[in-house]
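Fold and geometry: a report
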Amino acid sequence: MATSPEAQEFVRFLDSVRAKAETPGLDLAVLRDVVDSYHRASTEPEGVTYAEVDADGVPAIWCIPEGADPDRALLHFHFGGAVAASMHSDRKAAGHIAKAAGIRSLVVDFRLAPEHPHPAQLDDVETAYRWLLAQGYEPQNIGSTGHSIGGAFAVLLALRLLAKGEATPGAILSISPTADFTLQYSTIEKNAGNDKMLTKDLLEFGRGVWLQNPDLDFADPEISLVYADLTGLPPTLVHYGEYELLADAGAGFGRRLEDFKVPSEVHVMPEGQHSFILAAGRVPEVDQAITQMGQWLKQHLGA
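As a starting point, this report considers the structure included with it.

So, how was this worked out
Residues numbered from 1 in each chain as written. Predicted model: local features only at pLDDT ≥ 70, side-chain atom pairs only at ≥ 80, totals over all residues. Heavy atoms only, no water. Salt bridge = Lys/Arg side-chain N within 4 Å of Asp/Glu carboxyl O. Helix = DSSP H or I, 4+ residues; strand = E, 2+ residues; numbered from the N terminus. Buried < 20%, exposed > 50% of the residue type's maximum accessible area, 1.4 Å probe, protein only. Phe/Tyr/Trp six-rings, centres within 6.5 Å; stacked < 30°, edge-to-face > 60°. Lys NZ or Arg CZ within 6 Å of the ring centre and 35° of its normal. Expected span 1.5 Å × (residues − 1). Contact = heavy atoms within 4.5 Å.

A closer look at the pattern of salt bridges
- In total, this model carries 12 salt bridges according to the counting rule given.
- Put simply, E115 and R32 hold a salt bridge, and the shortest N to O gap is 2.9 Å. Pair noted here: E115 is in the loop between β4 (103–108) and α4 (120–134) and R32 is in helix α2 (residues 28–36), with a separation of 83 residues, a long-range link.
- You can call R32 buried: its relative accessible area is 18%.
- The partner of R160 in a salt bridge is D123, and the shortest N-O contact between them spans 2.9 Å. Pair noted here: R160 is in helix α5 (residues 149–163) and D123 is in helix α4, with a separation of 37 residues, a long-range link.
- Judged by its relative accessible area of 23%, R160 falls in the partly exposed class.
- Looking at D123, the relative accessible area reads 32%, which means it is partly exposed.
- Within this structure, D123, E126, R130, R160, K164 and E166 form a network of salt bridges that share partners.

Following this line, the structure appears as structure tokens:
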């Protein structure tokens, strides 16, 4: 992604934030403040307004583009490894995607670990989805979206619903998904010098804080998408960056979608960073990808 000057500036920004996050002895509350500062990479999307809501006990914020389709909604899940970040850190990036799709987006502020370990986050994700249904949105008119661990939640929500024999969202957008919690793949090492947000130590820290059940296998299909039965998933769009530590996981998830004959597309951003959508509005390569995401969501949600 480091082809335009703006992309190069984004890489420097990520590097500077990660340096702060790696300060020895950093308190978790301070770390969360540092991670929330990633929102500065995005611009405010023009023509988008915001409204905070209580989604049946789960805090959330609507991103509402001018002229948005009133009958459709996106349900968006933020990054941060279930340990940090919030609806506020994703508000602007989600707003850009909502604007590109012409569909309002509900950004979910799920609970964080270690105070609330797995599966509290997925419980909140499901609660927010059911709240949308109670507001009158039809399942086929809801798009499940997210990035990093939120990109995994976007898929895991649908798998939870399928396991219960219930209707899933009509489409899934999974960006830079944390799709394999074993962390046993080559780009963990290969991209160690390229990924300016993640390190193996950060991934292992987040995994340990979130998955506190010692009996839970990191390859459990309820957390690792590359081992899950994806039968019945709705159309799914995957985007990830070439330079991510998680690039192999994204590619593996894409192959898994093909294996289960899920209608899907997989897009790799050349030299792209993890969670590159955080640069929405500033980096032309990112804006081009978001335009494509918006068009795809329009198509599959009938907007």
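As for the packing of aromatic side chains
- Inspection of the entire model under this criterion finds 7 aromatic pairs.
- An angle of 45° between the planes, with centres 5.3 Å apart, marks the rings of F181 and W210 as tilted. A residue pair is termed long-range when its members are at least 10 positions apart, and F181 in the loop between β6 (171–175) and α6 (187–190) and W210 in helix α7 (residues 200–210) qualify at 29 residues. This pair shows no difference in class: F181 is buried, exactly as W210 is.
- It is R207 that lies over the ring of F218; its NZ or CZ is 3.8 Å from the centre.

Description of α5
- Between its terminal C-alpha atoms α5 stretches 20 Å, which fits the 21 Å expected from 15 residues at 1.5 Å a residue.
- For α5, the buried fraction is high: 12 of the 15 residues fall into the buried class.
- Every buried residue belonging to α5 is among I149, G150, G151, A152, F153, A154, V155, L156, L157, A158, L159 and L161, and all of these are buried.
- Looking at the buried residues of α5, the elements they touch are β3 (69–77), α4, β5 (142–147), β6, α7 and α8 (247–259).

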